[in-house]
Amino acid sequence: MKFAAQTGGETIPVEIAGAEGRFTVAIGDERLAVDARETGEGIWSILLAGASHVADVTEQDGVYVVDVGGERYAIRVEEETRYIIRTRGAQGGDRGQVLKAPMPGKVTLIGVAVGQVVAPGDGLIVLEAMKMENEFKAQVAGTVKEIRVAAGQVVNPGDVLVVIE
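Residues numbered from 1 in each chain as written. Predicted model: local features only at pLDDT ≥ 70, side-chain atom pairs only at ≥ 80, totals over all residues. Heavy atoms only, no water.

Colleague: For this particular structure, what's the right way to read the overall build of the protein?
Modeller: For the protein, the helix and strand inventory stands at one helix and 17 strands. Computed over C-alpha atoms, the radius of gyration of the protein comes to 19 Å, more than 25% over the 15 Å expected from 2.2 N^0.38 for 165 residues, which places it beyond the range of a compact globule. Seen through its C-alpha atoms, the protein measures out along the principal axes to roughly 55 × 30 × 30 Å. Evaluated residue by residue, the protein yields a buried proportion of 28% over its 165 residues. Long-range pairs, those at least 24 residues apart, make up 39% of the contacts in the protein with a sequence separation of at least 6. Both charge centroids of the protein, one from 16 positive and one from 24 negative side chains, sit 7 Å from each other. (Helix = DSSP H or I, 4+ residues; strand = E, 2+ residues; numbered from the N terminus. Rg over C-alpha atoms; globule rule 2.2 N^0.38 Å. Buried < 20%, exposed > 50% of the residue type's maximum accessible area, 1.4 Å probe, protein only. Contact = heavy atoms within 4.5 Å. Lys, Arg positive; Asp, Glu negative; His and termini not counted. Charge placed at Lys NZ, Arg CZ, Asp CG, Glu CD.)

Structure (structure tokens):
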């Protein structure tokens, strides 16, 4: 299964294969053999490169907090396809953002209005595609300059949905 792991402002591709506690984990270009078993609620025993580790894993607001070896890591994990759908339509930069539909779908909700000030992470549009509702969020801070769609409208890949300056 493929994931996108976000930590420290960086997004890293992760692929996990295996079962029954024995896994192959690819993190970026590195492949690791991992033996991992949950020994109690949120407590994991991990054997990695011949070294044994105990990790305490909790979830807080969609972020996994992992305490291992005296260090703490906050990691947001998202299934790769969901990550691609959520981010593919967003083209952000120093000069704003142009949100384009990454796939055909139907606009079910417009969460902003022209002139509204938005911050990174604010919800802009919800697009129903492949029987799933996908929320698209602002990638940059700015002001909504244009909304080129209406709720209920069917869109095609590449259609501009929202422009932020």
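Colleague: How should the sheet that holds strand β14 (residues 132-137) be read in this particular structure?
Modeller: Sheet architecture is open: four strands sit in the order β14-β13-β11-β16, paired in antiparallel fashion. Since the sheet does not close on itself, it has two edges, and those belong to β14 and β16 (154-155), each with one partner. Both strand β11 (residues 105-110) and β16 contribute to a ladder of two bridges, which runs antiparallel. Residue G105 lies in a different strand from β16, and its bridge partner there is V155. (Pairing = 2+ DSSP bridges.)

Colleague: Can you help me understand the pairing of strand β17 (residues 160-164) in this one?
Modeller: Across a regular strand the side chains alternate sides, sitting on one face of the sheet and then on the other. Along β17, five of the five residues are buried, which leaves the element largely enclosed by surrounding structure. Here four bridges tie strand β10 (residues 96-100) to β17, and the two strands are oriented antiparallel to one another. Looking at β17, one finds that K100 is bridged to V160. With three bridges joining them, strand β15 (residues 142-147) and β17 adopt antiparallel strand pairing. For I147, the partnering residue across the bridge sits in β17 and is V162.

Colleague: Honestly, the layout of surface pockets in this entry has me stumped. Any pointers?
Modeller: Empty pockets left among the atoms are what a rolling probe the size of a water molecule brings to light. The volume enclosed by the largest pocket comes to roughly 1,300 Å³. Along the walls of the largest pocket sit 25 residues, with V25, I27, I46, V66 and I75 positioned nearest its centre. Contributions of two or more residues to the lining of the largest pocket are made by β1 (2-7), β2 (10-19), β3 (22-27), β4 (30-40), β5 (43-48), β6 (51-60), β7 (63-68) and β8 (71-79). (1 Å grid on protein atoms, 1.4 Å probe; cavity = no way out; pocket = protein on both sides within 12 Å on 5 of 7 lines; lining within 4 Å. Points joined across faces, edges and corners; volume = space filled by probe spheres on them.)

Colleague: Got a minute to help me understand the sheet that holds β3 in this structure?
Modeller: Backbone hydrogen bonds are what pair the strands of a sheet, in a parallel or an antiparallel way. Overall, antiparallel pairing links the eight strands, which are arranged β1-β2-β3-β4-β5-β6-β7-β8 in a closed barrel. With strand direction ignored, the average angle separating the axes of adjacent strands in the sheet is 35°. Across six bridges, β3 lies against β4 in antiparallel orientation. Bridge assignment links I27 to a residue of β4, and that residue is E30. (Axes fitted to C-alpha atoms, helices over the stretch in contact; angles between N-to-C directions.)

Colleague: Please explain the side chain of N134 as it appears in this structure.
Modeller: Relative to the helices and strands, N134 resides in strand β14. For N134, a relative accessible area of 2% corresponds to the buried category. Polar side-chain contacts of N134 include one of 3.3 Å to the backbone oxygen of M132. (Polar contact = N/O pair within 3.5 Å; in protein donor to acceptor, adjacent residues only side chain to side chain.)

Colleague: Before we go on, may I ask you to explain the nonpolar core in this structure?
Modeller: Soluble globular proteins tend to bury their nonpolar side chains together. Ranked by size, the top nonpolar core spans 17 residues in total, and within it L124, I125 and L161 carry the most contacts. Broken down by secondary-structure element, the contributors of at least two residues to this core are β13 (123-129) and β17. Other than its neighbours up to four places away in sequence, I125 contacts L99, V107, L109, I110, N134, E135, F136, V149, L161 and V162. Grouped together as the second largest cluster of nonpolar side chains are five residues, A5, V25, V34 and A36 included. (Core = buried A, V, L, I, M, F, W, Y, C linked by side-chain atoms within 4.5 Å.)

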